[in-house]
Amino acid sequence: MGDLSQAREWLAQASSVAALTGAGISAESGVPTFRGAGGLWKNYKPEELATPDAFARDPRLVWEWYDSRRQLIAKAQPNAAHRALVEMEKRKPRFTLITQNVDGLHDLAGSGKILKLHGDIWRMLCTQCGANFPNRRVPLPKIPPHCACGGMARPGVVWFGEPLPEGMMKEAEHAVAAAQVFLVIGTSAVVYPAAGLIPFAKQAGAKVIEINLEETAYTATADCALHGAAGDWLPQLV
Ligand code: OAD
């Protein structure tokens, strides 16, 4: 089911395209994924690091983990796959980039509007006054970091058990419903509601093109599944 020429044709003809990206698109930039070979959740427990309870229990531990990830991500550069999506955005009258990634590499590559379903590791939220502010310092000079109001800050990401940023899923669904082609890139498609966009796209009549090193639960229903690295396939598609 890896017909590149068919996928290229669908894309060439589409005026409205949406893309959902996951950690796999940043793997070639040196950012570890969560699942699969070398995935973060093999060595760390999400319930100890990526839930509101974990943060309430031990904010220092959670921040130390986020600080180490920020240090690693700060050294990463966007790769050919991130850049191909920037190119696609330029060419299509309507293009919506939906990402589960918090690493900021789509921003760095130059993508315009990005629906960051799981937030942004380069932002912080104040647990006291609710401010949402950017912070790119690595390493953090003080853990846990604080807001200007004196309140403790938390990472600006969505944790397990938390709702997505208000209205964002609706906006993503709106874009997917209007898309003739839906690209699903480097995601294991097991975390919801993000993964639910894939059957949603099918139902709405989009051609679903999946790019992944491995099979996922949605590979069988994809209209085209390209097996391999996003940095190889995406430039060829665009
Ligand atoms: P995962 O780590 O679950 O999945 C990464 C996917 O990328 C796997 O299916 C790999 O096969 C694939 N992959 C790896 N390298 C690739 C490459 N070079 N090219 C193409 N595909 C490649 O990451 P996500 O699906 O993004 O959430 O995970 C979803 C969410 O779970 C994350 O946003 C995070 C995590 O827990 C939160 O932190 C809330």
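These notes cover the structure that comes with them. The structure displayed is predicted, hence computed values, not measured ones.

1. Describing the packing of helix α7 (residues 80-91) against helix α11 (residues 230-237)
Two elements in contact, α7 and α11, have axes whose closest approach is 7 Å; the angle formed by their N-to-C orientations is 25 degrees. Comparing their axes, α11 and α7 come out roughly parallel. As α7 runs across α11, the sense of the crossing is left-handed. Taken together, the residues of α11 that come into contact with α7 (itself represented by Ala-80, Ala-81, Ala-84 and Leu-85) are Ala-230, Gly-231, Leu-234 and Pro-235. Within the contact of α7 with α11, the residues separate by chemical class into seven nonpolar, one polar and no charged.

2. Considering the pairing of strand β8 (residues 207-212)
Side-chain direction in a regular strand flips from residue to residue, so the side chains alternate between the two faces of the sheet. Among the six residues that make up β8, five are buried, leaving the element largely enclosed by the rest of the structure. Bridge count between strand β7 (residues 181-185) and β8: five bridges; the pairing is parallel. Each bridged residue has a counterpart across the sheet, and for Val-181 the counterpart in β8 is Lys-207. Handedness of the crossover is the feature at issue here: the chain leaves β7, passes through helix α10 (residues 197-203), returns alongside β8, and the resulting connection is right-handed. Judged from the four bridges that link them, β8 and strand β9 (residues 224-227) form a sheet pairing that is parallel. Its bridge partner being in β9, Asn-212 is matched across the sheet by His-227.

3. Digging into the sheet that holds β8
Taken in spatial order, the six strands of this open sheet run β3-β2-β1-β7-β8-β9, and their pairing is parallel. Two strands lie at the open edges of the sheet, namely β3 (114-116) and β9, each paired on one side alone. Strand-to-strand twist of the sheet, defined as the mean angle between neighbouring strand axes without regard to direction, takes the value 15 degrees. Summarising the sheet, strand β1 (residues 16-21) and strand β2 (residues 94-99) pair through six bridges and their orientation is parallel. The residue bridging Ser-16 from the neighbouring strand is Arg-94, located in β2. Across the sheet, helix α1 (residues 4-13) is in contact with β1, β7, β8 and β9; its angle to β8 comes to roughly 130 degrees.

4. Let's talk about the pairing of strand β4 (residues 119-126)
In terms of burial, β4 is a largely internal element, six of the eight residues being buried. Note that β4 and strand β6 (residues 153-157) share four bridges and pair antiparallel. Within the sheet, the bridge partner assigned to Cys-126 lies in β6 and is Ala-153. Two strands pair when backbone bridges link them, and β4 and strand β5 (residues 132-134) are joined in this way by three bridges, in the antiparallel orientation. The residue of β5 that forms the bridge with Met-124 is Phe-133. Where β4 folds back on β5, the antiparallel hairpin that results is connected by five residues, among which Gly-130 adopts a positive phi of roughly 85 degrees.

5. So, the site of the ligand
Phe-34, Arg-35, Thr-187, Ser-188 and Asn-212 are the nearest of the 23 residues found near the ligand. Trp-41 is positioned such that a nitrogen or oxygen atom in its side chain is 2.9 Å from an oxygen atom of the ligand. The contact in question runs from an oxygen atom of the ligand to an N or O atom on the side chain of Thr-187, over 2.6 Å. Residue classes in the shell around the ligand are distributed as ten nonpolar, ten polar and three charged.

What counts, and where the lines are drawn
Residues numbered from 1 in each chain as written. Predicted model: local features only at pLDDT ≥ 70, side-chain atom pairs only at ≥ 80, totals over all residues. Heavy atoms only, no water. Axes fitted to C-alpha atoms, helices over the stretch in contact; angles between N-to-C directions. Helix = DSSP H or I, 4+ residues; strand = E, 2+ residues; numbered from the N terminus. Parallel < 35°, antiparallel > 145°, perpendicular 65-115°, else oblique. Left-handed = near helix turned anticlockwise from the far one by under 90°. Contact = heavy atoms within 4.5 Å. Nonpolar A, V, L, I, M, F, W, Y, C, P; charged D, E, K, R; others polar. Buried < 20%, exposed > 50% of the residue type's maximum accessible area, 1.4 Å probe, protein only. Pairing = 2+ DSSP bridges. Right-handed = clockwise from strand over helix to strand, strands pointing away. Near = heavy atom within 4 Å. Polar contact = N/O pair within 3.5 Å; in protein donor to acceptor, adjacent residues only side chain to side chain.

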